[in-house]
Amino acid sequence: MNQSKINPVEDLKLMNDDKHYFDGVGKNYLSKSSIGPLLWDVRSFHVPTEYNINFELGSYFHHLLIEPEKASIEHVIKSSTRGTKIYKEYVKEHELSFAVLESEKANIDLCAKAMLNIPKFADAIYDLENEYEKPAVGQINGLWWRGKVDIIAPDMLFDLKTTGDITRFVSSAYNYNYDVQAYVYRELFGKPMTFLVVCKKTMLCGWYQCSDDFYASGQRKVEKACEKYQEYFG
């Protein structure tokens, strides 16, 4: 990460491509994923996050809803668990760190269908004036930040989430730093954030508009993270 190399106008053009957003020029910007390392363990700040099953399934869920032409998973295996012989042999043969279980893919398919079966959600996701997967960059507390929002609607931002327990989503949102995401995105895009959430166990859906307290919590974390960045890397 090197903020002295930032050229926001040119970088933003490149960051429409996820490859540049995550692994190219986007690395010079702070983001929601920077918060954890900066607040809790600065030694891990420059350590790349390993791609894992949650990223794979989360990406598939997003693609199903807003970029269906990209909705595919290359390695799906029919196995009850990751402890079976067939699973272990498959990942070894293909030199993988993991593969997606057929049941996991089917569960995400059901999550997407559950959300789209509710007219309010479907209308919000597919409004004709919406823009999708759009990046933005800007300065917050004197440092450059980036964000790429799922859906930009005429009057708000929407972010798509799955959860293992929708009854705990409000409290867990703080632990996952969704408050930081909401605050940063509101600053970068100039619109309030709403989370559209579906439970992977019950298929119940939730519509969560962010409160002033939620934004304030995100702002406090961002301010502290910026202080830590300046202290250790500035």
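Data block above holds the structure.
Structure report, in brief. (Residues numbered from 1 in each chain as written. Predicted model: local features only at pLDDT ≥ 70, side-chain atom pairs only at ≥ 80, totals over all residues. Heavy atoms only, no water.)

Brief notes about the packing of aromatic side chains
Piece 1. Evaluation of the coordinates by the stated rule reveals 18 aromatic pairs.
Piece 2. Ring geometry for Tyr21 and Phe22: centres 4.8 Å apart, planes at 85°, overall edge-to-face.
Piece 3. The exposure class of Tyr21 is buried, given its relative accessible area of 4%.
Piece 4. Taken together, the ring pairs connect Phe169, Tyr174, Tyr176, Tyr178, Phe195, Tyr208 and Phe214 into an aromatic cluster.
Piece 5. When the ring centre of Trp207 is taken as origin, the NZ or CZ atom of Lys120, which lies over that ring, is 4.2 Å away.
Piece 6. One cation-aromatic arrangement involves Arg186 over Tyr215; the distance from NZ or CZ to the ring centre is 4.0 Å. (Phe/Tyr/Trp six-rings, centres within 6.5 Å; stacked < 30°, edge-to-face > 60°. Buried < 20%, exposed > 50% of the residue type's maximum accessible area, 1.4 Å probe, protein only. Lys NZ or Arg CZ within 6 Å of the ring centre and 35° of its normal.)

What to know about the pairing of strand β6 (residues 193-199)
Piece 1. Across the 7 residues that make up β6, a large majority, 7, are buried.
Piece 2. Of the two faces of β6, the one lined by Met193, Phe195, Val197 and Cys199 and the one lined by Thr194, Leu196 and Val198 are each fully buried.
Piece 3. Bridge count for strand β5 (residues 157-163) against β6 is 7 bridges, and the pairing is parallel. Directly across from Thr162, in β6, lies its bridge partner Val198.
Piece 4. With 5 bridges connecting them, β6 and strand β7 (residues 205-209) associate as antiparallel partners. Looking at β7, one finds that Leu196 is bridged to Trp207. (Helix = DSSP H or I, 4+ residues; strand = E, 2+ residues; numbered from the N terminus. Pairing = 2+ DSSP bridges.)

Quick word on the pattern of salt bridges
Two side chains carrying opposite charge are able to pair once their charged atoms lie near each other.
Piece 1. According to the stated counting rule, one finds 10 salt bridges in the structure shown.
Piece 2. One salt bridge in this structure joins Glu10 and Lys13, with 3.4 Å as the shortest N-O distance. Highlighted residues: Glu10 and Lys13, both in helix α1 (residues 8-14), separated by 3 residues, approximately one helical turn.
Piece 3. According to the relative accessible area criterion, Glu10 is partly exposed, its value standing at 39%.
Piece 4. In this structure, Glu104 and Arg82 form a salt bridge, with 2.7 Å as the shortest nitrogen-oxygen distance. Of this pair, Glu104 sits in helix α6 (residues 102-116) while Arg82 sits in the loop between β1 (76-77) and α5 (85-93), placing them 22 residues apart in sequence.
Piece 5. You can call Arg82 partly exposed: its relative accessible area is 30%. (Salt bridge = Lys/Arg side-chain N within 4 Å of Asp/Glu carboxyl O.)

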